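The lines below spell out each chain.
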Amino acid sequence: MSEVSTPPVSAGLLWRVFLRLGLTSFGGPAAHLGYFHDEFVKRRGWLTDARYAEVVALCQLLPGPASSQVGLAIGYLQRGYRGAALAWLGFTLPSALLMALFAFGLAAWPDAGASGWVHGLKLLVVAVVAQAVWQMGRNLCPDRARQSLALAVAAVLLASGGLWLQLVALAAAALVGVGCRFPGVGTDSEPLVREQRRPWRFLVVFLGLLVLSLLPWSQGSLAWLAAELYRAGALVFGGGHVVLPWLQEGFVASGAMSADSFLAGYGAAQAVPGPLFTFSAFLGASVNGVDGAVVALVAVFLPGTLLVFAGLPLWSLLRHHAAARSALAGVNAGVVGLLLAVLYDPVWTAAVWSPADLAAVLLLWLALAVWRQPVWLLAPLSAAVGGLLW
């Protein structure tokens, strides 16, 4: 499955783009999907809205860090396994290095969660996610039925707040798509991956490592660290925020580290760009130094990576069947509803506290949607203004 469906970009360009995203993508998984949409759909045209929604839908259905899996899949579709590695490294290394350094100098790190510049970045995240919801909604919900489905998914998720309900809602959206015979959105184009070459081997490796992670290991050892982080990455749906309670059970309740250190690392993870799963680098460095940071970082991302490589070929095969295309159209509408729900909670509720905050969000959205200013330019500007005003 080494061929890709679009002419590949250069490895150097792929690395530079994802490294810039890794340095500037603040705000968590929902915001990352907005950044990716702005970069790869709007600005560079590497993916259409429909193909991007397919990748997002697949990654939302898999356990692991959804936004990182989307980036990994985009890199793979451009340059195969090498592109996937470059995309993951570029997007992950900046925040991983920051979190590992923070673990080594915890006493010198300020309370990032209370800083005004962090609040400024949160307001930018609201504008970015709102723009992504608006654009994806226009392209993926072109009729009343799919608009209604997207709003129904958003309403259910907002009313319940259940973690597993995201999967249930997307599965229900797929069934609605089949029942209503939604026309496919761009599904008659080339498949995401052309050649099918034993993708099941990745699933076998995933399951084998999961079994090994369930064995008893000596607490504090590198094997124990790898097992804890691999289980977290393999069994948790919903991204970085969802994995934190699991990690707290494994590291704090077990006595491997203090609750104060754990919470300090969590606060720092909110203030750095890139995926929240790089919190694992902090945990690994705190328990086992540099080696621990590397092992923990690889272990938490590995299961999601294996599932992406196993899932892409199957997804490409199923999407050409009529029922699968209708289901995909329903899932696409469900993804819009999912992002709409996330736009309110936790993105809006964590950032917009006053009329001044709302005014800032409107100006940032204006800069994104009307003035077409890049996110990488608005991120430091938002942080600077937040530091001055809040």
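Predicted, not measured: the structure shown is a model, and the values here were computed from it.

The rules we used
Residues numbered from 1 in each chain as written. Predicted model: local features only at pLDDT ≥ 70, side-chain atom pairs only at ≥ 80, totals over all residues. Heavy atoms only, no water. Helix = DSSP H or I, 4+ residues; strand = E, 2+ residues; numbered from the N terminus. Buried < 20%, exposed > 50% of the residue type's maximum accessible area, 1.4 Å probe, protein only. Contact = heavy atoms within 4.5 Å. Areas by Shrake-Rupley, 256 points an atom, 1.4 Å probe, with all protein chains shown as cover. Axes fitted to C-alpha atoms, helices over the stretch in contact; angles between N-to-C directions. Parallel < 35°, antiparallel > 145°, perpendicular 65-115°, else oblique. Left-handed = near helix turned anticlockwise from the far one by under 90°. Core = buried A, V, L, I, M, F, W, Y, C linked by side-chain atoms within 4.5 Å. pLDDT = per-residue confidence, 0-100. Expected span 1.5 Å × (residues − 1).

Draft legend 1. Looking closely at the overall build of the protein. The helix and strand tally for the protein stands at 15 helices and zero strands. For the protein, the proportion of its 390 residues judged to be buried stands at 55%. Restricting the contact set of the protein to residue pairs at least 6 apart, pairs at least 24 apart contribute 78%. A total of about 16100 Å² of accessible surface is found on the protein, and carbon and sulfur atoms cover 68% of it.

Draft legend 2. Looking closely at the packing of helix α6 (residues 144–160) against helix α13 (residues 322–351). Between α6 and α13, the least distance of the axes is 7 Å, while the angle of their chain directions is 45°. By the angle class used here, α6 and α13 are oblique. Pair α6 / α13 crosses with right-handed handedness. Taken together, the residues of α13 that come into contact with α6 (itself represented by R146, L149, A150, L151, V153, A154, L157 and L158) are A329, G330, A333, G334, V336, G337, L338, L340, A341, Y344 and D345.

Draft legend 3. Focus on the environment of A223. With respect to the secondary-structure elements, A223 resides in helix α9 (residues 222–235). Here the alpha-carbon distance between A223 and G292, two residues 69 residues apart in the chain, equals 9.6 Å.

Draft legend 4. Layout of the environment of W200. With respect to the element layout, W200 can be found in helix α8 (residues 200–213). Remark: the alpha-carbon pair of W200 and L307, spanning 107 residues in sequence, is separated by 9.6 Å.

Draft legend 5. Representation of unusual backbone geometry. Of note in the backbone geometry, R181 takes a positive phi value of approximately 55° without being a glycine. Topologically, R181 is positioned in the loop between α7 (165–180) and α8. Assessed through its relative accessible area of 72%, R181 is described here as exposed. A positive phi angle, near 55°, is found at R372, a position not held by glycine. Summarising the element assignment, R372 is placed in the loop between α14 (355–369) and α15 (375–389).

Draft legend 6. Region of the structure containing the nonpolar core. With 123 residues, the main nonpolar core has F18, Y35, Y52, V70 and M99 as its most contacted residues. No other element matches the 18 residues that helix α12 (residues 279–318) contributes to this core.

Draft legend 7. Summary view of the confidence of the model for the protein. For the protein, the average pLDDT comes to 84, and 87% of its residues sit at 70 or higher. The low-confidence segment residues 1–5 (pLDDT under 50) makes 25 contacts with residues lying over four places distant or belonging to another chain.

Draft legend 8. Up close: α14. Taking 1.5 Å of rise per residue, the 15 residues of α14 would be expected to cover 21 Å, and the 21 Å separating its terminal C-alpha atoms lies within 8% of that figure. Of all the residues in α14, the buried ones are D357, A360, V361, L364, A367, L368 and A369. Those residues of α14 that are buried are in contact with α2 (29–43), α5 (116–140), α13 and α15.

Draft legend 9. Region of the structure containing the environment of T305. Locating T305 in the fold gives a position in helix α12. When the C-alpha atoms of T305 and S68 are compared, they prove to be 8.9 Å apart, with 237 residues separating the residues in sequence.

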